[in-house]
Amino acid sequence: MSSDERLAPPARALARDVATAFAVPGRWVSSAPWGSGHINQTLLVVFEQDGRMQRYIQQRINPLVFPDPTKVMENLERVTAHQRAVLAGEGVRDLERRALELVPTRSGALSFVDAEGAHWRTYRFIEGASSHDVVRTPKDAAVAAEAFGRFQAQLTGLPGPRLHETIPRFHDGRARLEALIAAARTDPCRRLPGCRAELEFVLAREAMVDRLPSLKASGALPERITHNDTKFNNVLLDDRTGEAVCVIDLDTVMPGLVHYDFGDLARTATCAAAEDERDLSRVRADPALFAALCEGYLRGAASFLTPAECAELAFSARLLPLVIGLRFLTDHLTGDRYFKIHRESHNLDRCRTQLSLLASMEEQRGLMEELAARAAERFSPRSGED
Ligand code: ADP
Ligand code: GN1
Ligand code: MG
């Protein structure tokens, strides 16, 4: 059975139209669902070229999440071109594995618009590397964090106008909290009775969402270009060496605070349990993973970070489980319209995992603050180390 037969017939016809709309040489062989992202539809697409199988990734940008896909693609093209220029300047040889590379459509556009108006894009497949949903070792945490730190460092020099905000107020914790409160007030799916404890847990931490925006408004924290979706599975690791190869999932690269990136790394790479783990006794922040994460991140980003930015890293590690947890809770209350779900109450499970992780981080707050401070001290350019 060819893998595209896993797609329902209408999807198969669409997959063929999409596959052949791009300037890919050879014969289309198959398209099949790929990856575990919650937002876009991702297909692994195979073409036969001169008797060899060549793989590509095709993605449908979720129009309910990204109101203006053209802006997403414009950012993506600028960011990946700049990454390539920086890497080439550093003498990096395997450029085709180190930055995402878009394949244009046959008419030279960045995306193909299907009959429903959804935008599709094509990337060259990065071979010999994989994404992992769950962190396995401190080395995983370190290499992923260093890759995201370097990614931010590369983009400090992006020329040209400010990037588009592809999702306005994406990391606005206050707006996210208000959306949760509105959902709880109307309770459209009558699910509130099953999650009052989670709602109370979030509301008790309301003040956390204003801390970083206040520091930014006061001028203490600078705006940077950030990735904004730095979960551990958004970096490809080399299958042989375990080293980071390429940061992916660039739809939300836009102006932001470095803390949202560091915090989301901490959310997904300091706990060896899955994001939707139901056995909450397994959901613990592991100080060894967090220490490795801090060191890796600082190794990648210390060249441009200010002391004020470093001082908020441990706080951001607690903030992101709170905000992503409350986003899962909001989606549960409003009927699972945003994040893809694969079982009943999946978003509630995800929420519970995030809140348990936060509770574990709160218990270890002093230690985590100390680990972050120690890494900042060690890798700060002022200390003279690399
Ligand atoms: P989502 O926004 O849905 O999370 P991603 O852009 O992260 O989508 O892609 C989903 C998965 O597809 C990734 O986790 C990764 O395994 C794989 N992937 C994406 N782009 C590439 C690529 N260029 N080469 C190889 N694998 C890729
Ligand atoms: C989504 O696209 P994906 O699966 O990498 C979401 C993130 C959440 C994450 C939670 C555009 O990321 O903000 O942190 O799920 N992306 C968007 O797993 O909303
Ligand atoms: Mg992803």
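In this text, all values refer to a predicted model and were calculated from it rather than measured experimentally.

The rules behind the values
Residues numbered from 1 in each chain as written. Chains lettered and ligands numbered in written order. Predicted model: local features only at pLDDT ≥ 70, side-chain atom pairs only at ≥ 80, totals over all residues. Heavy atoms only, no water. Axes fitted to C-alpha atoms, helices over the stretch in contact; angles between N-to-C directions. Helix = DSSP H or I, 4+ residues; strand = E, 2+ residues; numbered from the N terminus. Parallel < 35°, antiparallel > 145°, perpendicular 65-115°, else oblique. Left-handed = near helix turned anticlockwise from the far one by under 90°. Contact = heavy atoms within 4.5 Å. Near = heavy atom within 4 Å. Polar contact = N/O pair within 3.5 Å; in protein donor to acceptor, adjacent residues only side chain to side chain. Areas by Shrake-Rupley, 256 points an atom, 1.4 Å probe, with all protein chains shown as cover. Nonpolar A, V, L, I, M, F, W, Y, C, P; charged D, E, K, R; others polar. Domains from an automatic or database assignment. Buried < 20%, exposed > 50% of the residue type's maximum accessible area, 1.4 Å probe, protein only. Phe/Tyr/Trp six-rings, centres within 6.5 Å; stacked < 30°, edge-to-face > 60°. Lys NZ or Arg CZ within 6 Å of the ring centre and 35° of its normal. Pairing = 2+ DSSP bridges. Salt bridge = Lys/Arg side-chain N within 4 Å of Asp/Glu carboxyl O. Donors = N, O, S within 2.8 Å, 3.2 Å for Na, K, Ca; no water.

Q: I'm lost on the packing of helix H11 (residues 313-333) against helix H12 (residues 346-363) in this one. Help?
A: The relative placement of two packed helices comes down to the angle between their axes together with the axis-to-axis distance. Packing of H11 against H12 brings their axes to within 8 Å, and their N-to-C directions diverge by 160°. Taken together, the axes of H11 and H12 are roughly antiparallel relative to one another. When you trace H11 past H12, the crossing you get is left-handed. Touching Ala 317, Arg 318, Pro 321, Leu 322, Ile 324, Gly 325, Phe 328, Leu 329, Asp 331 and His 332 of H11 are Asn 347, Leu 348, Arg 350, Cys 351, Gln 354, Leu 355, Leu 357, Leu 358, Met 361 and Glu 362, all from H12.

Q: Got a minute to help me understand the site of ligand 1 in this structure?
A: The environment of ligand 1 is made up of 18 residues, and the closest members are Gln 59, Arg 124, Ile 126, Ser 131 and Asp 249. Contact between ligand 1 and Arg 124: a nitrogen atom at 3.1 Å from a main-chain N or O atom of the residue. Within the side chain of Asn 234, an N or O atom sits 3.1 Å from an oxygen atom of ligand 1. Alone, ligand 1 offers 550 Å² of accessible surface; in the complex the protein occludes 95% of this. If you list the elements that add at least two residues to the shell around ligand 1, you get strand S3 (52-60) and strand S6 (119-124). For the shell around ligand 1, a count of residues per class yields eight nonpolar, eight polar and two charged. For the shell around ligand 1, the domains that each give at least three residues are domain 1 (3-127) and domain 2 (138-383).

Q: Can you help me understand the side chain of Thr 252 in this one?
A: Among the structural elements, Thr 252 can be located in the loop between strand S10 (244-247) and strand S11 (254-256). Assessed through its relative accessible area of 3%, Thr 252 is described here as buried. Contacts of Thr 252, omitting those with residues within four sequence positions, involve Phe 66, Thr 166, Ile 167, Phe 170, Thr 226, His 227, Asn 228 and Asp 229.

Q: Teacher, can you tell me more about the packing of aromatic side chains here?
A: Each aromatic ring pair is summarised here by two numbers: the centre-to-centre distance and the angle between the ring planes. Per the counting criterion, the structure on display carries six aromatic pairs. Aromatic pair Phe 47 and Tyr 56: ring centres 5.8 Å apart, planes at 85°, arrangement edge-to-face. When sorted by exposure, Phe 47 lands in the same class as Tyr 56, which is buried. Seen from their ring centres, Phe 262 and Phe 290 are 6.1 Å apart, and the 70° between their planes marks the pair as edge-to-face. Here Phe 290 lies in helix H9 (residues 287-301) and Phe 262 lies in helix H8 (residues 258-269), a separation of 28 residues in the sequence. One exposure class covers both Phe 262 and Phe 290, and it is buried. Of the aromatic side chains, those joined through ring pairs into one cluster are Phe 262, Phe 290 and Tyr 297. Positioned above the aromatic ring of Phe 125 is the side chain of Arg 55, whose terminal nitrogen or guanidinium carbon lies 4.3 Å from the ring centre.

Q: Help me out: how do you make sense of the sheet that holds strand S7 (residues 129-130) in this one?
A: What links the strands of a sheet is backbone hydrogen bonding, and the strands pair in either a parallel or an antiparallel sense. Taken together, three strands build an open sheet; the order of strands is S7-S9-S10 and the sheet is antiparallel. Strand pairing shows two members of the sheet lacking a second neighbour, S7 and S10, which therefore form its edges.

Q: I'm lost on the site of ligand 2 in this one. Help?
A: Looking at ligand 2, there are 18 residues lining it, with His 38, Lys 231, Glu 275, Arg 327 and Tyr 338 nearest. Contact distances for ligand 2 include 3.5 Å between an oxygen atom and a side-chain N or O atom of Arg 267. Within the side chain of Tyr 338, an N or O atom sits 2.5 Å from an oxygen atom of ligand 2. In isolation ligand 2 offers 440 Å² of accessible surface; the protein chains occlude 97% of this area. Looking at the shell around ligand 2 element by element, the count peaks at three residues for H11. Looking at the shell around ligand 2, you find at least three residues from each of domain 1 (3-127) and domain 2 (138-383).

Q: Looking at this structure, how should I read the domain arrangement of the protein?
A: A common way to express how large an interface is: the accessible area buried when the components associate. The domain boundaries assigned to the protein delineate domain 1 (3-127) and domain 2 (138-383). The C-alpha-based centres of domain 1 and domain 2 are spaced at 27 Å. The interface is formed by 27 residues belonging to domain 1 together with 32 residues belonging to domain 2. For the pair domain 1 and domain 2, the interface holds two salt bridges. A salt bridge links Asp 251 to Arg 121; the shortest N-O distance between them is 2.8 Å.

Q: Would you mind showing me how to read unusual backbone geometry here?
A: Generally, phi is negative for residues other than glycine and the peptide bonds are trans, each holding for most cases. The phi angle at Asp 249 is positive, at roughly 60°, despite the residue not being glycine. Residue placement: Asp 249 occurs in the loop between S10 and S11. In this structure Asp 249 comes out as partly exposed when scored by relative accessible area, which is 25%. Positive phi values are uncommon outside glycine, yet Asp 336 reaches one of about 55°. Its place among the elements puts Asp 336 in the loop between H11 and H12.

Q: Explanation requested: the coordination of the magnesium ion (ligand 3) in the structure shown.
A: Each angle at a metal carrying four tetrahedral donors should ideally be 109.5 degrees, and each at a metal carrying six octahedral donors should ideally be 90 or 180 degrees. Only Asn 234 (OD1) and Asp 249 (OD) from the protein coordinate the magnesium ion (ligand 3), and they sit 2.2 Å from it. With Asn 234 in the loop between strand S8 (224-226) and strand S9 (235-238) and Asp 249 in the loop between S10 and S11, this pair connects stretches of sequence that are 15 residues apart. Asn 234 gets classed as buried once you look at its relative accessible area, which sits at 4%.

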